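Coordinate inspection notes
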Amino acid sequence: MEISVRKIGTETHEDRDASDVTNIYRVKDDGREFIVTHRSHSHGSNLGLAGRQGFLYTDTETDTVRRQVITVGLTCGVVIESDEAVEGLSPWAIRGVVMAERSGETREITITGVREAGFDQSVILVEGKAVDLHKYLCKEA
C-alpha cells in the first residue's frame with residue numbers, strides 16, 4: 001500500500017476575511033486519486049473533497065474516512081443531510097494532508113507500509129527521504 005500527497009494549489013477568498021484560504025492537495029491512495037481541500041479561516045479549518053459539499057472526518061471505530069454534509073433545519077437546529085464513507089480514501093491519506101498542512105510542506109509526501117506493518121513500522125518519506133511523523137508535525141516554535 002502506498003499513499004502520496006502533494007500540494008497543487010491555493011485559493012484565496014478575497015470577498016471574505018484575509019485568513020480564509022483553501023489549500024488543494026492531490027492524494028493518491030492505493031491507486032485511486034482524490035483532490036482534497038484544506039480550508040482555514042478565522043473560526044477554524046476543515047477538510048473536504050474538491051467540488052463536493054461537506055467536510056471529511058476519520059471514523060476511528062471503523063477506520064474509514066467519511067464525508068458529512070450539515071445544513072440548518074427548519075427549526076434552526078443542525079441537520080445531518082448525509083454522512084457517507086469515502087471509498088478508497090484511508091485515514092492515513094488524511095494524516096498525510098494534515099502533515100503537509102501543518103508543516104507547510106509542498107514537496108511530495110509518501111506513506112508506505114501502513115497496512116502491512118502498522119503505525120510504528122510505517123515509513124513516511126518527503127521527496128524520497130525518511131522523516132519522523134511526530135517530529136515533523138511537532139516542530140519547535
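All of the points below concern the structure found in this document. (Residues numbered from 1 in each chain as written. Predicted model: local features only at pLDDT ≥ 70, side-chain atom pairs only at ≥ 80, totals over all residues. Heavy atoms only, no water.)

**Describing the side chain of aspartate 29**
This is how the line gets drawn: By definition, any uninterrupted DSSP run of H or I lasting at least four residues is a helix, any uninterrupted run of E lasting at least two residues is a strand, and each is numbered from the N terminus. The rule is simple: take the accessible area with a 1.4 Å probe, protein chains only, and divide by the maximum for that residue type; under 20% is buried, over 50% is exposed, in between is partly exposed. Think of a polar contact as two N or O atoms within 3.5 Å of one another; within protein, one of them needs to be a possible hydrogen donor and the other a possible acceptor, and neighboring residues in sequence only count if both atoms come from side chains. The contact definition used throughout considers only heavy atoms, calling two residues in contact when any of these lie within 4.5 Å.
Secondary-structure assignment places aspartate 29 in strand E2 (residues 21-29). Using a relative accessible area of 2% as the deciding quantity, one classes aspartate 29 as buried. Looking at aspartate 29, its side chain comes within polar contact range of the main-chain nitrogen of serine 90, at 2.6 Å. Apart from residues no more than four positions distant in its own chain, aspartate 29 is found in contact with Met1, Glu2, Ile3, Phe34, Gly88, Leu89, Ser90 and Ala93.

**Quick look at a nonpolar patch on the surface**
To be explicit about the condition: Surface patches are defined over residues having more than 30% relative accessible area and no salt bridge, joining like charges when they lie within 9 Å and nonpolar side chains (Val, Leu, Ile, Met, Phe, Trp, Tyr) when within 5 Å. The protein chains shown are the only cover counted for residues, whose accessible areas, like all others here, come from Shrake-Rupley with a 1.4 Å probe. Take a side-chain nitrogen of Lys or Arg and a carboxyl oxygen of Asp or Glu: if they are within 4 Å of each other, that pair is a salt bridge.
A cluster of nonpolar side chains, namely Ile70, Val78 and Ile80, defines an oily patch on the protein surface of about 290 Å² accessible area. Relative to the helices and strands, isoleucine 70 resides in strand E6 (residues 64-72).

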